[in-house]
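Chain and residue survey
If you want the building blocks of each chain, they are given just below.
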Amino acid sequence: MPAPQKDGPRANRDIRGVRDVQLIDQDGQNRGVVPFFDALAMAEEVGLDLVEIAPNSVPPVCKFLDYGRFRFNEQKKQNEARKRQKTVEVKEIKLRPGIDKHDYDVKMKAVQRFFEEGDKVKVTLRFRGREIAHQDIGLRLLERVKQETQEIAKVESEPMLEGRQMIMILAPR
């Protein structure tokens, strides 16, 4: 069976197929090109691990590090990055062509809140029955939404008709 692949940089005897390495000591000083086994012996002498930092360079760059602490710090950085990243969601607001002024204002407040949270907004205008004959009313309503949100949002997809629905997607600026 093949040996399982380890993630992360190779260390000590895991570094294979290399005769010489570019060595950096624990103080960050460049020691130059050194034979691999000499570098490994120097690392053991200091009480640290020989860790491959840049495997694709010729010769590969290796450094004296405490490998356990190095892995711990890398995991910590990845966890912090994961906490800080924001997934953009697409929130949907449903309107009708004959929407009343107050109902429209409530919907616009919700749109405003979605943009403050950094989410995209899909504005869906549904036509029922004979309303489909008056698509111009729906188009004017979506243009009004576009005008009122132009300060805080940009139009990602212009209003288009899909069956009995007219859809427009807005993204925060």
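Residues numbered from 1 in each chain as written. Predicted model: local features only at pLDDT ≥ 70, side-chain atom pairs only at ≥ 80, totals over all residues. Heavy atoms only, no water.

Concerning unusual backbone geometry
With omega at -10°, the peptide bond leading from V58 into P59 counts as cis. If you trace the backbone, P59 turns up in the loop between β3 (49–54) and β4 (61–65). (Helix = DSSP H or I, 4+ residues; strand = E, 2+ residues; numbered from the N terminus.)

Examining the pairing of strand β5 (residues 90–95)
Relative to strand β6 (residues 120–126), β5 runs parallel, the two sharing six bridges. The residue of β6 that forms the bridge with K91 is V121. For the segment spanning β5, helix α3 (residues 101–116) and β6, crossover handedness is right-handed. (Pairing = 2+ DSSP bridges. Right-handed = clockwise from strand over helix to strand, strands pointing away.)

Some remarks on the nonpolar core
In this structure, I93, L95, V121, V123, L125, V145 and L170 are the most contacted members of the largest nonpolar core, which totals 19 residues. Here this core takes six residues from α3, the largest share from any one element. Sequence-distant contacts of V145, defined by excluding residues within four places in its chain, comprise L95, Y104, M108, V123, M168 and L170. L23, V34, L40 and L50 belong to the second largest nonpolar core, which has 12 residues in total. (Core = buried A, V, L, I, M, F, W, Y, C linked by side-chain atoms within 4.5 Å. Buried < 20%, exposed > 50% of the residue type's maximum accessible area, 1.4 Å probe, protein only. Contact = heavy atoms within 4.5 Å.)

A short note on the UniProt feature "domain: Translation initiation factor 3 C-terminal" (unreviewed entry) in the chain
Sequence positions flagged by UniProt for "domain: Translation initiation factor 3 C-terminal" (unreviewed entry) are, in local numbering, residues 88–172. End C-alpha to end C-alpha, residues 88–172 measures 10 Å, and it is 36% helix and 36% strand. (UniProt positions renumbered as here; feature names shortened; annotations may be inferred.)

Points about the sheet that holds β3
Strand order in the open sheet formed by four strands is β2-β1-β4-β3, and the pairing between neighbours is mixed. Each having just a single partner strand, β2 (30–35) and β3 make up the two edges of the open sheet. The average undirected angle you get between the axes of adjacent strands in this sheet is 35°. For strand β1 (residues 20–24) and β2, the ladder comprises five bridges, and the chain directions are antiparallel. Across the sheet, the residue bridging to Q22 is V33, located in β2. Sheet strands in contact with helix α1 (residues 36–46) are β1, β2, β3 and β4, and its direction is about 125° off that of β2. (Axes fitted to C-alpha atoms, helices over the stretch in contact; angles between N-to-C directions.)

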